[in-house]
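# Structural overview for review
Residue-level listing of the chains:
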Amino acid sequence: MSENFVAPNQQRNLRACMVCSIVMTQNRFLKEGCPNCEEFLHLEGSMDAIIDCTSQVFEGLIALADPSKSWVAKWQRLDGYVKGVYATKVSGQLPDEVVAVMEDEARIKYIPRDGSATEAD
């Protein structure tokens, strides 16, 4: 995984994954894909997928150095993900076909990161 530093002139290019909420630049999503969700989102090399599955509208930032030991990671449902910077809330709606692939093939229940649904839903 490459360096997590974002130059000040690149901050307007930040996007957050709508599934795991990791925050990276658009170019990094294009080059590397999502480190947590790549197996079913297939963001690497696909600008259309990046536009559909990531959002420029997000709130708050959490820097996680050790997600497996962090109570914040557990609270935000980030334990088990890679270390990095995550948004606390991500606005946007994941396409229905992506949700279907997640839930049917990857066996992952999609819980929106915008606060519109809870784990009990």
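Under an unreviewed UniProt entry, the protein has the name Transcription elongation factor SPT4 and belongs to Hyaloscypha hepaticicola. Here is the UniProt Sequence similarities (unreviewed entry) comment for the protein, exactly as written: "Belongs to the SPT4 family." Annotation of the protein in UniProt includes, under Function (unreviewed entry), the sentence "The SPT4-SPT5 complex mediates both activation and inhibition of transcription elongation, and plays a role in pre-mRNA processing. This complex seems to be important for the stability of the RNA polymerase II elongation machinery on the chromatin template but not for the inherent ability of this machinery to translocate down the gene."

### Focus: unusual backbone geometry
With a phi close to 75°, S21 is a non-glycine residue in the positive phi region. Position of S21 relative to the elements: it lies in the loop between strand 1 (14-17) and strand 2 (23-25).

### Section: a negative patch on the surface
A contiguous patch of negative charge, built from D48, D52, D96 and E97, is present on the exposed surface. Elements that contribute at least two residues to the negative patch include exactly helix 3 (47-53) and helix 5 (96-104). If you trace the backbone, D96 turns up in helix 5. For D96, a relative accessible area of 63% puts it in the exposed group.

### Focus: the UniProt feature "domain: Spt4/RpoE2 zinc finger" (unreviewed entry) in the protein
Following the UniProt record, the feature "domain: Spt4/RpoE2 zinc finger" (unreviewed entry) maps to residues 14-91 here. For residues 14-91, the helix share is 29%, the strand share is 29%, and the end-to-end C-alpha distance is 13 Å.

Cut-offs and rules
- Residues numbered from 1 in each chain as written.
- Predicted model: local features only at pLDDT ≥ 70, side-chain atom pairs only at ≥ 80, totals over all residues.
- Heavy atoms only, no water.
- UniProt positions renumbered as here; feature names shortened; annotations may be inferred.
- Helix = DSSP H or I, 4+ residues; strand = E, 2+ residues; numbered from the N terminus.
- Patch = residues over 30% accessible without salt bridge, like charges linked within 9 Å, V, L, I, M, F, W, Y side chains within 5 Å.
- Areas by Shrake-Rupley, 256 points an atom, 1.4 Å probe, with all protein chains shown as cover.
- Salt bridge = Lys/Arg side-chain N within 4 Å of Asp/Glu carboxyl O.
- Lys, Arg positive; Asp, Glu negative; His and termini not counted.
- Charge placed at Lys NZ, Arg CZ, Asp CG, Glu CD.
- Buried < 20%, exposed > 50% of the residue type's maximum accessible area, 1.4 Å probe, protein only.

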